[in-house]
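Architecture and fold: a report
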Amino acid sequence: MRVGCLGPKGTFTEEATRRYFVEEDVEWSLFPSILDTLSALAEKEVDRVVVPIENSIEGSVTMTLDSLALHEDLFVEAEIIMPIRQNLLAVTGTKREEIREIWSHPQALAQCRHYIHHMGAAVKNFESTAAAAAKVAESGRTDIAAIGTELAAQNNGLVVLHAGIQDVPDNFTRFIVVRRAGKTFTSTERTILQLQFEFDQPGVLASVLNVFAGLQLNLSHIQSRPTRKKLGTYQFFLEVEAGWQDERMQKAISIVKTYGHQVRVLGTMNRHYVM
Ligand SMILES: O=C(O)C(=O)C[C@]1(C(=O)O)C=C[C@@H](O)C=C1
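Because the structure is a prediction, the values reported are computed rather than measured.

Things to note about the overall build of the protein
- The helix and strand inventory of the protein stands at nine helices and 15 strands.
- Its C-alpha atoms give the protein a radius of gyration of 20 Å, within 12% of the compact-globule value 19 Å for 275 residues.
- Each principal axis of the C-alpha distribution contributes one length, and for the protein these read about 65 × 45 × 30 Å.

Thoughts on the domain arrangement of the protein
- Domain annotation for the protein reports domain 1 (2-83 + 171-180), domain 2 (87-163) and domain 3 (190-273).
- If you average the C-alpha positions of domain 1 and of domain 2, the two centres end up 23 Å apart.
- Domain 1 puts 16 residues into the contact, and the matching count from domain 2 is 15 residues.
- Residue assignment for the side of domain 1 that touches domain 2 shows that the elements contributing at least two residues are helix H1 (12-20) and strand S3 (48-55).
- Per-class residue counts for the side of domain 1 that touches domain 2 are seven nonpolar, six polar and three charged.

Comments concerning the packing of helix H2 (residues 34-42) against helix H3 (residues 62-70)
- Direction vectors running N to C along H2 and H3 enclose 30°, while the axes themselves pass 10 Å from each other. The pairing of H2 with H3 is recorded here as roughly parallel in orientation. For the pair H2 and H3, the crossing hand works out as right-handed. Contacts between H2 and H3 pair Ile-34, Leu-35 and Leu-38 from the former with Met-63, Thr-64 and Ser-67 from the latter.

Concerning the sheet that holds strand S10 (residues 159-163)
- In spatial order, the strands read S8-S7-S9-S6-S10; together these five strands make up an open sheet with mixed pairing. The strands lining the two open edges of the sheet, one partner per strand, are strand S8 (122-125) and S10. With strand direction ignored, the average angle separating the axes of adjacent strands in the sheet is 30°.
- Pairing geometry for strand S6 (residues 87-90) and S10, over four bridges, is antiparallel.

Brief notes about the nonpolar core
- Core analysis: the biggest nonpolar cluster contains 43 residues, and Val-49, Val-50, Val-51, Phe-175, Ile-176 and Val-178 have the highest contact counts within it.
- Looking at this core, the element that brings in the most residues is strand S5 (residues 74-83), giving six residues.
- Each of two domains, domain 1 (2-83 + 171-180) and domain 3 (190-273), supplies a minimum of three residues to this core.
- If we skip the residues at most four places from it in the chain, Val-50 touches Cys-5, Thr-13, Ala-16, Thr-17, Tyr-20, Ile-80, Phe-175 and Val-177.
- Counting residues in hydrophobic clusters, the runner-up holds 26 residues, among them Ile-99, Cys-112, Ala-146 and Ile-147.

Examining the environment of Ser-187
- By the secondary structure assignment, Ser-187 is in the loop between strand S11 (172-180) and strand S12 (190-196).
- Linking Ser-187 and Val-61, residues 126 residues apart in sequence, is a C-alpha distance of 23 Å.
- Residues contacting Ser-187, with those up to four places away along its chain left out, are Glu-77, Ala-78, Gly-243, Thr-268, Met-269 and Asn-270.

Considering helix H9 (residues 247-258)
- Counted at 1.5 Å a residue, the expected span for H9 with its twelve residues is 16 Å, and the 17 Å between its end C-alpha atoms agrees.
- Just beyond H9, the residue with positive phi is Gly-260, at close to 100°.

Section: the site of the ligand
- Close to the ligand lie 15 residues, the nearest being Thr-11, Thr-13, Gln-107, Ser-128 and Thr-129.
- Contributions of two or more residues to the shell around the ligand are made by H1, S3, helix H4 (106-111) and helix H6 (129-139).
- The residue makeup of the shell around the ligand, split by class, is seven nonpolar, eight polar and no charged.
- Mapping the shell around the ligand onto the domain boundaries places at least three of its residues in each of domain 1 (2-83 + 171-180) and domain 2 (87-163).

Analysis parameters
Residues numbered from 1 in each chain as written. Predicted model: local features only at pLDDT ≥ 70, side-chain atom pairs only at ≥ 80, totals over all residues. Helix = DSSP H or I, 4+ residues; strand = E, 2+ residues; numbered from the N terminus. Rg over C-alpha atoms; globule rule 2.2 N^0.38 Å. Domains from an automatic or database assignment. Contact = placed C-beta atoms within 7 Å. Nonpolar A, V, L, I, M, F, W, Y, C, P; charged D, E, K, R; others polar. Axes fitted to C-alpha atoms, helices over the stretch in contact; angles between N-to-C directions. Parallel < 35°, antiparallel > 145°, perpendicular 65-115°, else oblique. Left-handed = near helix turned anticlockwise from the far one by under 90°. Pairing = 2+ DSSP bridges. Core = buried A, V, L, I, M, F, W, Y, C linked by C-beta atoms within 7 Å. Buried ≥ 20, exposed ≤ 12 C-beta atoms within 10 Å, placed from the backbone. Expected span 1.5 Å × (residues − 1). Near = placed C-beta within 6 Å.

Here you go:
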């Protein structure tokens, strides 16, 4: 199987992906951004991709939600939860008190926001933590540092100046495994839905949420995102604790559709913990 994820070597996503796909016959591809990763799947360059969707400190990875919504041909088939330990990485000889700028992926920077604030350092965004680590190594500078994995330090000849720098010790990221749509799906634990309202009136969101509540369907996540069509208009991403084939889920979807709203099933997934 051809599996793709965010690169270069040493990203958190790569760690999660390698711990999940343990079969011997995997052909790996690393892509420079989350958008490139999902596009490569849509273009049939790979058969599965893994992308981050939510972090326990910083919340939703909105880039993933927005691009899933745009790719109508993709389907989520599993989720992976992995603990995230952020590390301060630098060129040998760097002193912490001399660091003026920290480079990393925006999610990683946000997970260490207070730590960075205390250091009084500026930040610079990169497409991945590993890309930032590679750039710090390439620069040879001792007034900058990257935030990323221990593996990225090893791969780039950097040292770990400080380990476990995330603002909350228990830090987890949820990743999703995505494939192209059109096969049979057997996951039974939860379903991810995209919901768009066709009209705006008081209580419209409450009426939809009541459908799930009435059928004893628990929601584990809800996220609003702009429709991108008009300021102040939103679509919703819902995660519901039942598989797509569950009778209650089928019923909920059809009731919401009869209300006149658009519901798209983005995937149905079981949860896997990798440590
Ligand atoms: O940049 C990386 O190393 C990634 O794998 C991306 C990412 C993310 O976007 O959430 C993955 C896990 C961590 O939460 C930090 C960054």
